[in-house]
Amino acid sequence: MKLRVLGCSGSESPTGRSPSFLVGDHVLLEAGSVASTLSLEDQAKIDHVLLSHAHLDHVKDLAFLAENVIHRRDRPVCIHGDAECLSQIRAHLFNDIIWPDFTKVPSEEDPVLKFQPLPNDGLLEIGDLKVETLAVEHPGGCLAFFLRSRNSTLVYSGDTGNTIALWEKARELSNLSGFIVETSFSNEMEELAEVSGHLTPRRLSSGLERLGPVDIPVYVVHIKNSEERKVVSELDALEDPRIRVLEAGTEIDF
Ligand SMILES: [Zn+2]
Ligand SMILES: [Zn+2]
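Bear in mind that the values here come from a model prediction, so they are computed numbers and not experimental data.

On to the packing of aromatic side chains. All told, the structure shown has 5 aromatic pairs when counted by the stated rule. For the ring pair Phe 64 and Trp 99, a centre distance of 5.4 Å and an interplane angle of 70° mean the geometry is edge-to-face. On the criterion of sequence distance, the pair formed by Phe 64 in helix 4 (residues 62-69) and Trp 99 in the loop between helix 5 (83-92) and strand 6 (113-117) is long-range, its members being 35 residues apart. By relative accessible area, which is 37% here, Phe 64 ends up partly exposed. An angle of 90° between the planes, with centres 6.3 Å apart, marks the rings of Phe 94 and Phe 102 as edge-to-face. For Phe 102, a relative accessible area of 5% gives the class buried. Put simply, the rings of Phe 94, Phe 102 and Phe 115 pair up and form one aromatic cluster. Here Lys 169 stacks its cationic end above the ring of Phe 146, 5.0 Å away from the centre of that ring.

Dropping the structure here:
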């Protein structure tokens with residue numbers, strides 16, 4: 001299966017867009033930048049959206065995706081997140097104040113969006129893709145996704161503070177093929193990283209120690225725009241050949 005990076009920045013700017021990844025043709029992982037990066041025809045093919053949490057940079061393009069596909073589909077787009085994430089989006093985004101409630105538009109019987117809570121620690125199967133979740137440390141809660149296709153597993157952790165279970169669960173996998181993980185701030189912003197539930201190169205490095213010497217690519221995402229130069233040079237200084245900074249447009253096979 002292919003994962004195509006639509007956006008993977010930790011900020012929205014002329015040089016970087018918020019996180020969104022297209023998995024195959026029909027599954028979107030995070031809705032940070034899909035509306036402005038994918039053709040309308042391809043947006044209409046999205047049947048499922050997986051959300052890690054309700055922070056704006058991960059959900060904002062749901063608003064425009066809903067509009068863009070409204071007369072292009074004959075069934076709702078299923079939005080998957082944990083129950084808390086979905087209730088936050090319902091209460092604060094699709095609340096008929098900030099944006100129309102697209103779970104009732106154009107009609108309650110035939111809406112554009114449908115919210116579907118992820119099973120607690122369960123498995124979601126979408127065609128050939130199997131999705132498992134793990135709660136990670138981040139203010140308000142956040143999920144990491146273990147994406148399994150055929151015989152390989154790609155781990156995605158969008159926003160996360162130090163979460164020992166993330167690395168230990170990945171370490172147990174015999175078919176781990178790649179790891180997409182955030183590193184938002186530079187080492188000197190350690191305190192901010194701690195309170196905002198994010199990683200620095202130093203924190204990433206201790207996570208990778210827990211993961212062990214498994215030889216897989218580690219794709220870094222969600223670097224804050226103002227931190228980019230420092231984070232990249234601190235990642236280089238780790239001299240870990242597995243680490244690469246992910247860029248929009250990249251495709252990952254897994
Ligand atoms: Zn967040
Ligand atoms: Zn974020």
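Here we take up the coordination of the zinc ion (ligand 1). Surrounding the zinc ion (ligand 1) are the protein donor atoms His 53 (NE2), His 55 (ND1), His 138 (NE2) and Asp 159 (OD), which sit 2.1 to 2.2 Å from the metal. Around the zinc ion (ligand 1), the 4 donor atoms are arranged such that angles at the metal cover 93 to 163°; this shape is classified as irregular. In the primary sequence, the donor residues of the zinc ion (ligand 1) line up as H-x1-H-x82-H-x20-D. Taken as a pair, the zinc ion (ligand 1) and the zinc ion (ligand 2) lie 3.7 Å from each other and share Asp 159 as a ligand. Placement of His 53 in the loop between strand 4 (48-50) and helix 3 (56-59) and of His 138 in the loop between strand 8 (129-136) and strand 9 (142-149) is noted, with a sequence separation of 85 residues between them. Taking the relative accessible area as the measure of exposure, His 53 reaches 3% and is therefore buried.

Let us now look at the coordination of the zinc ion (ligand 2). Angles between donor atoms at a metal ideally measure 109.5 degrees for a four-coordinate tetrahedral arrangement and either 90 or 180 degrees for a six-coordinate octahedral one. Protein ligation of the zinc ion (ligand 2) involves Asp 57 (OD), His 58 (NE2), Asp 159 (OD) and His 222 (NE2), the donor distances falling in the range 2.1 to 2.3 Å. Bound by 4 donor atoms, the zinc ion (ligand 2) shows angles of 88 to 161° at the metal and therefore irregular coordination geometry.

Now for the layout of surface pockets. As a volume, the largest pocket reaches approximately 330 Å³. Elements supplying a minimum of two residues to the lining of the largest pocket: strand 1 (2-7) and strand 12 (218-221). Tallied by class, residues from the lining of the largest pocket come to 9 nonpolar, 8 polar and 3 charged.

Let us look at helix 6 (residues 164-171). Of all the residues in helix 6, the buried ones are Leu 166, Trp 167 and Ala 170. Down the axis, helix 6 shows its buried residues gathered within 90° of arc, on one side only. In the core, the buried residues of helix 6 are packed alongside strand 8, strand 9, strand 10 (152-157), strand 11 (176-182) and helix 8 (201-211).

Another point: the state of the cysteines. Two cysteines joined by a covalent bond between their sulfur atoms form a disulfide. One pass over the structure, following the stated rule, counts 0 disulfides. Looking at Cys 8, it has no disulfide partner, and the nearest cysteine sulfur is the one in Cys 142, 16 Å off. The exposure class of Cys 8 is buried, given its relative accessible area of 10%. There is no disulfide at Cys 78, and the cysteine sulfur nearest it, in Cys 85, is 14 Å away.

Parameters and conventions
- Residues numbered from 1 in each chain as written.
- Chains lettered and ligands numbered in written order.
- Predicted model: local features only at pLDDT ≥ 70, side-chain atom pairs only at ≥ 80, totals over all residues.
- Heavy atoms only, no water.
- Phe/Tyr/Trp six-rings, centres within 6.5 Å; stacked < 30°, edge-to-face > 60°.
- Helix = DSSP H or I, 4+ residues; strand = E, 2+ residues; numbered from the N terminus.
- Buried < 20%, exposed > 50% of the residue type's maximum accessible area, 1.4 Å probe, protein only.
- Lys NZ or Arg CZ within 6 Å of the ring centre and 35° of its normal.
- Donors = N, O, S within 2.8 Å, 3.2 Å for Na, K, Ca; no water.
- Tetrahedral: all angles 85-135°; square planar, octahedral: opposite > 155°, others 65-115°.
- 1 Å grid on protein atoms, 1.4 Å probe; cavity = no way out; pocket = protein on both sides within 12 Å on 5 of 7 lines; lining within 4 Å.
- Points joined across faces, edges and corners; volume = space filled by probe spheres on them.
- Nonpolar A, V, L, I, M, F, W, Y, C, P; charged D, E, K, R; others polar.
- Arc of directions from axis to C-beta.
- Contact = heavy atoms within 4.5 Å.
- Disulfide = S-S within 2.5 Å.

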